[in-house]
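Close look at the chain arrangement
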Amino acid sequence: MDEFGVYASFGVNGPPQRLLRAQGSCRVSAALPPSVRQVVLFSSGPWGERICVNAELIDANQIPITIGKLTPYNKCLSWEQWEEETWTDGVTLHVSLEGGNVTNSELIIAVNEFTPKNTTAPLADRELSGKRKRERTAEEDSDGGGETSKARGEENIYPNGVKEKTTPVRKVKGQAKSCQKLFANRADAFKANAAASLVSPSGRWGQTLCPIDAQTAILIGGQGARMQFCKDPMWKLCTEDMSWVTAETLAQGPTPEARIGHSAVFDPDSKRIFVFGGSKNKKWFNDMHILDTKSWRWTMVEAQGKVPPLAYHSCSMFRGELFVLGGVFPRPNPEPDGCSDSLYIFDPHLSIWYQPILTGDKPSPRSGHSACVIQERYIYVFGGWDTPVCYSDMYMLDLGLMEFSVVKTSGKAPSPRSWHGSAVLSETKFLIHGGYNGNNALSDSFIFDIETDSWTELKLPQLSVPRAGHSIITMETPARRDPSEDEESMSSVSIRRTLLVFGGGDNEGNFFSDLTSVSVEELLDAA
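Residues numbered from 1 in each chain as written. Predicted model: local features only at pLDDT ≥ 70, side-chain atom pairs only at ≥ 80, totals over all residues. Heavy atoms only, no water.

1. Considering the environment of Val39
Put simply, the test is: Only DSSP runs of H or I covering at least 4 residues are called helices, and only runs of E covering at least 2 are called strands; the numbering of each starts at the N terminus. Residues count as neighbours in contact if any of their non-hydrogen atoms are within 4.5 Å of one another.
With respect to the helices and strands, the residue Val39 is situated in strand β4 (residues 38-44). When neighbours within four sequence positions are excluded, Val39 is seen to be in contact with Ser9, Phe10, Leu32, Leu77, Ser78 and Trp79.

2. Things to note about the confidence of the model for the chain
Rules: Per-residue confidence from the predictor is reported as pLDDT, which spans 0 to 100.
Put simply, the chain has an average pLDDT of 80, and 75% of its residues get 70 or more. The low-confidence segment residues 161-198, where pLDDT is below 50, has 54 contacts with residues more than four positions distant or belonging to other chains.

3. Some details on the pattern of salt bridges
Keep this limit in mind: Only one rule defines a salt bridge in this text: a Lys or Arg side-chain nitrogen within 4 Å of an Asp or Glu carboxyl oxygen. Each residue gets one of three labels from its accessible area relative to the maximum for its type: buried under 20%, exposed over 50%, partly exposed in between, using a 1.4 Å probe on protein chains only.
For the structure on display, the rule yields 13 salt bridges. With a shortest N-O distance of 3.7 Å, Lys362 and Asp341 are connected by a salt bridge. Remark: Asp341 occurs in the loop between β25 (338-339) and β26 (343-347) and Lys362 occurs in the loop between β28 (359-360) and β29 (370-374); sequence separation between them is 21 residues. Among the salt bridges present, the one from Arg467 reaches Asp514, with a minimum N-O distance of 3.0 Å. With Arg467 in the loop between β38 (454-458) and β39 (471-478) and Asp514 in the loop between β41 (510-512) and β42 (515-519), this pair connects stretches of sequence that are 47 residues apart. The exposure class assigned to Asp514 is buried, which follows from its relative accessible area of 16%. Among the charged side chains, a salt-bridge network with shared partners connects Glu257, Lys280 and Lys283.

4. Comments concerning the sheet that holds β4
Heads up, the condition is: Any two strands with at least two DSSP-identified bridges between them are counted as paired. Geometry is summarised by axes, namely lines fitted to C-alpha atoms with helices restricted to the contacting stretch, and by angles between N-to-C directions that run from 0 to 180 degrees.
One open sheet accounts for four strands, arranged β2-β1-β4-β7; its pairing is antiparallel. In this open sheet, the two edge strands, each paired with only one partner strand, are β2 (17-21) and β7 (76-80). Pairs of neighbouring strands in the sheet enclose a mean axial angle of 20°, with direction left out of account. In this sheet, β2 lies alongside strand β1 (residues 5-10) in antiparallel orientation, the contact comprising four bridges. Bridged to Val6 within β2 is Leu20.

5. Re the sheet that holds strand β37 (residues 441-449)
Think of a sheet as strands paired side by side through backbone hydrogen bonds, with each pair either parallel or antiparallel. Spatial strand order, β35-β36-β37-β38: four strands in an open sheet with antiparallel pairing. Lying at the two open borders of the sheet, with one neighbouring strand each, are β35 (421-424) and β38. Each adjacent strand pair in this sheet contributes to an overall mean axis angle of 25°, direction not counted. For β37 and β38, the ladder comprises five bridges, and the chain directions are antiparallel. Note on β38: the bridge partner recorded for Ile447 is Thr456.

See below:
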């Protein structure tokens, strides 16, 4: 294996088979035997000028099952049937190479089926328990600030994955629908898909959008239609012209595994993004990945101390440390997954996790809540849920005293919700938008004023689409110029702070890829 090649092992005991070679076709299709329930894809040899290898499975209904992408820094991918609950027989593996000196042609190969002497039932044939149920008592229904959802006993996951409509076509707002039958041959389809991928990210929820400077943000992870993890997991947004650039192949080092419900926080002093936790189907993470935005290199931290695997937690940066609160964590079967009420702090300088001593009334266990750092002194925690209870209560953590307190609010407050978006608008105000109440995605918006402890509901057409699991950030964008301005005024670029809303799902099977913008000044004036 001295020259470049891409290989695949089909099944637990299947030997590696070469799919792509240094000089050959840039696309390969291989029909999987019905007995194959696992696929391992890997590369060997020098990559040279090659950029990446895209891999996806197409089931019998012509629905793509994303595996992921090989790069010079991520040289192995794997997939098992248990990760795809809708796996059917008649699956075809499609692999395509970008970059390098390859022939623009497609090769169709046969997979050699390997049958071991002693066979056992494959993992996929075992009973899949589906969504575990949680037993709750009637006392929880009357918990302060809480509301019991209609779907009682459901696991702490977003129901877009379990309540999705049966349409096989992924609906992504702002993008064309599936192009399965729009092309004369697969080569044209590959070209169209490659071109479309350069426009904007695919529709998703559960991702993070992390600003790294006044006009640049990094999108990481997420999950789209049919509970498929996004094949385009990393993008760079430039607000100067509101353009997207694929960023997965820009960064070196070991990239984080595909996931949702993780957190991503940027440290302006070290110019690094810290990605923690999240989940992928039945896998849970407590790893810490760091992206250095100066060298564009990923590293994985071998941290000391103990922190459980967590997803849908909140993560806030304060004086160079990460404050991780709440979230969902796994329990051994047959126990249901639980919610945390603990606060864990990560010190990047010492690479250590520790738990502080807290006083006061801390929030009950929850996930999918929001946390806003205000005035570099307070963290305001709102909402969240612990199945089947949704919350609309507010807590404040004084970072100087490490003391929690309940915030008694006035005005029309948001209804109980989780997986909503939040963003700090000023030194005294932050926004809450959308979310999920246990039954439906929400579209309403509210501003909270910490000086008066009061809520104000907003009525803005830009924020009228129901969505949950979306990302909300504030950035600098060029202001629109008045055509009547003279040339001298036009020559100076006017910058304004803008609220940006990306992605999310509507609990009807739709996942969004649109980018909505609203002036922060307009939001504050409306409040």
